[in-house]
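Okay, here's what each chain looks like letter by letter:
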Amino acid sequence: MQELINFKDQNLNLDYLTLNIPNSVGRILEFAEIFFRYGFNSKVFYVETNKSQIILEDKKLSHTLTFRLESDSWLEQRNIVYSIFR
Amino acid sequence: MILGWNKETLFIQFSGDNSRYLYFLITNGSFFISQLNCQNIKIGRIDIQYIRTNKTNDTDVNEFLEKSLQVSKDGIPQRDENDNIQTLAIGKRENAYYIRIYKMDSALKFELEIKKRPAQHLGLLLLNGSYQEFEDYISKSFVKHFWKSIFLETCFTDWLNYFLRAHSSKPQKHLVTSYLQEYFATSENLKFYRLLQFISFVRIYSGKKEIVNGQSYITVQFRLLDFMKTVNCQANSYQRQQFLQFFNQLQSLPPFREKFADRKFRQLLFFPVVNAIQETKRGPWIIQISVAEHLMKDAYPFHLPPSFFTYSNTMNLDVKLSIIQALAQEYSIQKIYYVQSFLNQFVKRRHSIQANIKRDIIHEFQNLIKFKIIESRFLFQGKDNQLFRKIFLKLKI
């Protein structure tokens, strides 16, 4: 009987996972709020400037996800982030 | 290039423990990716890791990394000030698969990065809730890539050798065995060999599964004659009694014991119920036996060609057992067979018998090569401790 192999039996673990969502840069806040309900803080990482910024955080939470953006144009267009979370 | 990428593509990254927590939420049904309400969501990258904790009798880790660098051909080492490799990356970062081995404080981390189409394929399994298939595919992919890329004749890949052996295909007509330790030395040869024959025979049967106190057992039924034929035994009254005696004694095997902690252990019988039934006076004997499920799972680390399923005489039995004993040791892929030590048992026997034993040894090793159980690379140690390599085995009596 050939059984499927699972991570636990082999002591394997995930160490990284990336979700790619097309045409969704404008929905960052919506996603951040969904993941926040499941225990994730959120930050944004701008590739162009190599800088990170926390956008939704509760220090009691121990998990964090990162929205990776190619440029900070998102920030300029959507300074609403500051007004809500600053 | 990232497939399907455009400036409006959003990348949500979960690193380390965050990825494990997300995966936990997904697999236990707390979170569904569909809650994001997105079309065309894809998995862009998956990293999977194995952490091997250092052991006291480990060999030199720097030597392992240097040899892996030689094996890999496209490895890129990062070295410390003493020129020792700290991280070994194998392959190109932009490839769909990318390997890294990291030195940690008291461990080595083996990591496979999966991107592009393979990651997207795996993402579909995850999005569809096919978690078992997701883990199966990734686990096999992980092992396959490390197996191809690093040096294997070392203690640092014991986990990899264990996995490869447990999950390699074992043809139905092959004899299977597990790692042999003290049990081997304390058991009678024939009784032990019969046990190997029996577990190799019974693993092809399916039966009714029952769970007793958390332990799964599978009850199978077969004709005693079928087992006797499989092991090439004559179906006479004497042999039948011998085989019935074997089943009668199965429950005298030492129990399997698992220790989980200082105050917790589990002990179980491999064959808790054995029924031998002859319904009519001259009718066939039927064996109904409950077998601990893990004996039926086909995850045995070693298998041997069909010639090992049977033996022609007691000398042949001894030869086969000595070879099994040499192969089924621990994790190393390099095995040691003490030829002279084995032959010394027979020094008082006739010259022709000793010659037959030598022929048997050569024949069985040739069978192992023929069935690709071993490679034909032999290193001999002579009486003067000199080592010499050979590709072919020849008989010298």
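Residues numbered from 1 in each chain as written. Chains lettered and ligands numbered in written order. Predicted model: local features only at pLDDT ≥ 70, side-chain atom pairs only at ≥ 80, totals over all residues.

**So, the overall build of chain A**
Helices and strands together make up the secondary structure of chain A, namely 4 helices and 4 strands. The helix and strand sequence of chain A, counted from the amino end, reads α-β-α-β-β-β-α-α. Per-residue burial for chain A yields a buried fraction of 30% across its 86 residues. (Helix = DSSP H or I, 4+ residues; strand = E, 2+ residues; numbered from the N terminus. Buried ≥ 20, exposed ≤ 12 C-beta atoms within 10 Å, placed from the backbone.)

**Observations concerning the overall build of chain B**
Helix and strand content of chain B: 13 helices and 16 strands. Dimensions along the principal axes, computed over C-alpha positions, put chain B at roughly 80 × 60 × 40 Å. When burial is assessed residue by residue, chain B has 26% of its 397 residues classed as buried.

**A closer look at the interface of chain A and chain B**
Tallying the contact residues gives 34 residues for chain A and 47 residues for chain B. Within the residue set of the side of chain A that touches chain B, elements represented by two or more residues are helix H1 (7-10), strand E1 (12-21), helix H2 (28-37) and strand E4 (63-69) of chain A. Here the side of chain A that touches chain B gets 10 residues from one element, more than from any other, and that element is E1(A). Split into classes, the residues belonging to the side of chain A that touches chain B amount to 18 nonpolar, 12 polar and 4 charged. (Contact = placed C-beta atoms within 7 Å. Nonpolar A, V, L, I, M, F, W, Y, C, P; charged D, E, K, R; others polar.)

**A few points about the domain arrangement of chain B**
Residue and element names in this part refer to chain B. Segmenting chain B into domains produces domain 1 (17-167) and domain 2 (175-252 + 267-390). Placing the centre of domain 1 and that of domain 2 at their C-alpha centroids yields a distance of 36 Å. Of the residues lining the interface, 7 residues belong to domain 1; the matching set on domain 2 comes to 6 residues. Its residues assigned to classes, the side of domain 1 that touches domain 2 shows 3 nonpolar, 1 polar and 3 charged. (Domains from an automatic or database assignment.)

**A word on the environment of B:Thr157**
Residue and element names in this part refer to chain B. Position of Thr157 among the secondary structure elements: in the loop between helix H4 (131-149) and helix H5 (158-167). In this structure Thr157 comes out as buried when scored by C-beta crowding, with 24 C-beta atoms within 10 Å. Residues Thr157 and Asp384, 227 residues apart in the sequence, show an inter-C-alpha distance of 32 Å. Setting aside chain neighbours within four positions, we find Thr157 in contact with Ile150 and Leu152.

**Quick word on the sheet that holds E1(A)**
Pairing is mixed in the open sheet, where 10 strands are placed in the order E3(A)-E2(A)-E4(A)-E1(B)-E1(A)-E2(B)-E6(B)-E5(B)-E4(B)-E3(B). The sheet is open, and its two borders are formed by strand E3 (51-56) of chain A together with strand E3 (75-79) of chain B, each paired with just one other strand. With direction set aside, neighbouring strand axes in the sheet form an average angle of 20 degrees. In the packing of H2(A) onto the sheet, the strands contacted are strand E2 (40-46), E3 and E4 of chain A together with strand E1 (10-15) of chain B, and the crossing angle to E2(A) comes to about 150 degrees. Contacts from helix H3 (residues 116-127) of chain B reach strand E2 (42-53), strand E5 (97-103) and strand E6 (107-115) of chain B within the one sheet, and its direction differs from that of E2(B) by about 90 degrees. (Pairing = 2+ DSSP bridges. Axes fitted to C-alpha atoms, helices over the stretch in contact; angles between N-to-C directions.)

**What about the sheet that holds strand E12 (residues 274-278) of chain B?**
Residues and elements named next belong to chain B. Spatial ordering of the open sheet is given by E8-E9-E13-E12, a layout of 4 strands whose pairing is antiparallel. The open sheet is flanked by strand E8 (208-212) and E12, the only strands paired with a single partner. Strand after strand, the sheet turns through a mean of 20 degrees between neighbouring axes, direction not considered. Here 5 bridges tie E8 to strand E9 (residues 215-223), and the two strands are oriented antiparallel to one another. The residue of E9 that forms the bridge with Val212 is Gln215.

**Notes on the pairing of E3(A)**
All names here are of chain A. Taken together, the 5 bridges between E2 and E3 define a ladder with antiparallel strand orientation. Counted as the bridge partner of Ser42 is Leu56 from E3. As consecutive antiparallel partners, E2 and E3 are separated by 4 residues, and within that stretch Asn50 has a phi angle of approximately 60 degrees, a positive value.

**Here's the deal with the packing of helix H7 (residues 189-202) of chain B against helix H11 (residues 314-327) of chain B**
All names here are of chain B. Taken N-terminus to C-terminus, the directions of H7 and H11 make an angle of 65 degrees; their axes are 11 Å apart at the nearest point. Here H11 runs roughly perpendicular to H7, going by the angle between their axes. As for how H7 packs across H11, the hand of that crossing is left-handed. Within the contact between the two elements, H7 uses Asn189, Leu190 and Tyr193 and H11 uses Leu317, Asp318 and Leu321. Partitioning the contact of H7 with H11 into residue classes produces 4 nonpolar, 1 polar and 1 charged. (Parallel < 35°, antiparallel > 145°, perpendicular 65-115°, else oblique. Left-handed = near helix turned anticlockwise from the far one by under 90°.)

**Digging into the environment of B:Met296**
Residues and elements named next belong to chain B. Inspection of the secondary structure puts Met296 in helix H10 (residues 293-296). Residue class for Met296 comes out buried when judged on the 21 C-beta atoms lying within 10 Å of it. The sequence separation of Met296 and Tyr21 amounts to 275 residues, and the corresponding C-alpha distance is 34 Å.

**Focus: the confidence of the model for chain B**
Put simply, chain B has an average pLDDT of 88, and 92% of its residues get 70 or more. Predicted confidence is poor over residues 1-5 of chain B, with pLDDT under 50, and the contacts of this stretch with residues over four places away or in other chains come to 5 contacts. (pLDDT = per-residue confidence, 0-100.)

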